[in-house]
Amino acid sequence: MTDPSPASAPLDGPGASPQTEAAMLAEARRRSRRSFIGLGLAGLAGIGGWRWLVSQPTDEGIPYPLRNALDANSRLSHAYFKQTRLAPEFARSRAKTPRVNGRVGLAGDVDPATWRMRVQAYGSGKTQEFSLADIQALPKVEMTTELKCIEGWSIVVHWAGARLSDFLARYPLATRSGQPADPLNPPADLAPYVGMRTPDELYYVGLDMASALHPQTLLCYEMNGEPLTAAHGAPLRLVTPLKYGIKHLKRIGTIAFADTRPKDYWAELGYDWDAGH
Ligand SMILES: Nc1nc2c(c(=O)[nH]1)N[C@H]1C(S)=C(S)[C@@H](COP(=O)(O)O)O[C@H]1N2
Ligand SMILES: [Mo]
């Protein structure tokens, strides 16, 4: 196999027979396409576009760029659709256990039964607490994606958890108005940024909201079919495969929303804040 595209890379891997792998890949692609359409990535990628639009001069109250486009919604959606991408998914048989990399904020033990994720509402700043059972009550999403570290290694991992977008749709804490963070139709008062920290606040990451609502951005509680181990971020960690591992915060303690880029552990050490790849 010489095709260099990541989606076809698993075809020459060891493990399942070529037929099985091809079937799994076809299914993965079908699922990706379905969630792509079902989740309205068009709207998701449109958040930035919306913010730009509402900052434009208006003509009779209608932002000027909208005048020509009011009756051409589908054209707009199409443009957004093309701007959004998904990280490649792999056959599950390729999944391996990654090395434990980075233990900042993981000192001491956390009991998953008493652990709570504290989320500070965007508008009021009021804190709400969530148990692991609350997260597991959301639709369970599984994906086999690549974990890429800035150190130069990468590994395929099978993850399971809840979409952060599902969490923010079910618990409308990311808008001042209390509207759900619907990626299909993002509210105008949706927070532009999310910050996450470990319970001891020693490790922290910032995400733009479009990345936070991406369908592959998961609050993960399982790695390769098993509950997360402490070293890999139990009871809950972030996985967002369009970004380097530095953003995949292990042991989530708090989530808060912000108008400006939240502080980010590795950005402070000189790495690119977005850390996309
Ligand atoms: N709390 C915490 N999360 C963290 C880190 C860390 O030091 N502390 N390191 C990050 C880095 S650099 C990587 S590559 C991944 C590695 O995840 P793993 O240990 O499950 O392989 O975790 C990320 N999440
Ligand atoms: Mo990393």
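In this text the structure is predicted, and so the values were computed from the model without any measurement.

Trainee: What am I meant to see in the overall build of the chain here?
Mentor: Looking only at helices and strands, the chain has eight helices and 12 strands in total. The buried share among the 277 residues of the chain stands at 47%. Counting only contacts in the chain whose residues sit at least 6 apart along the sequence, the fraction spanning at least 24 positions is 67%. About 13,700 Å² of surface is accessible on the chain, with carbon and sulfur atoms providing 53% of the total.

Trainee: I would appreciate a short explanation of the sheet that holds strand 8 (residues 204-208) in the present structure.
Mentor: Sheet strands associate in pairs through backbone hydrogen bonding, adopting either a parallel or an antiparallel arrangement. Here five strands make up an open sheet; going across it, the order is 4-3-12-7-8 and the pairing mixed. The open sheet terminates on both sides in strands that have one partner only, identified here as strand 4 (127-130) and strand 8. Adjacent strand axes in the sheet meet at a mean angle of 20° when their direction is disregarded. In terms of strand pairing, strand 7 (residues 193-197) meets strand 8 through five bridges, oriented antiparallel. Bridged to Tyr 193 within strand 8 is Asp 208.

Trainee: Sorry if this is basic, but what is going on with the environment of Glu 201 here?
Mentor: Position of Glu 201 relative to the elements: it lies in the loop between strand 7 and strand 8. Overall, the relative accessible area of 38% leaves Glu 201 in the partly exposed class. Measuring from C-alpha to C-alpha, the distance between Glu 201 and Thr 254 comes to 8.4 Å, with 53 residues separating the pair along the chain. For Glu 201, the side chain forms a polar contact with the side chain of Arg 197, separated by 3.2 Å.

About the thresholds
Residues numbered from 1 in each chain as written. Chains lettered and ligands numbered in written order. Predicted model: local features only at pLDDT ≥ 70, side-chain atom pairs only at ≥ 80, totals over all residues. Heavy atoms only, no water. Helix = DSSP H or I, 4+ residues; strand = E, 2+ residues; numbered from the N terminus. Buried < 20%, exposed > 50% of the residue type's maximum accessible area, 1.4 Å probe, protein only. Contact = heavy atoms within 4.5 Å. Areas by Shrake-Rupley, 256 points an atom, 1.4 Å probe, with all protein chains shown as cover. Pairing = 2+ DSSP bridges. Axes fitted to C-alpha atoms, helices over the stretch in contact; angles between N-to-C directions. Polar contact = N/O pair within 3.5 Å; in protein donor to acceptor, adjacent residues only side chain to side chain.

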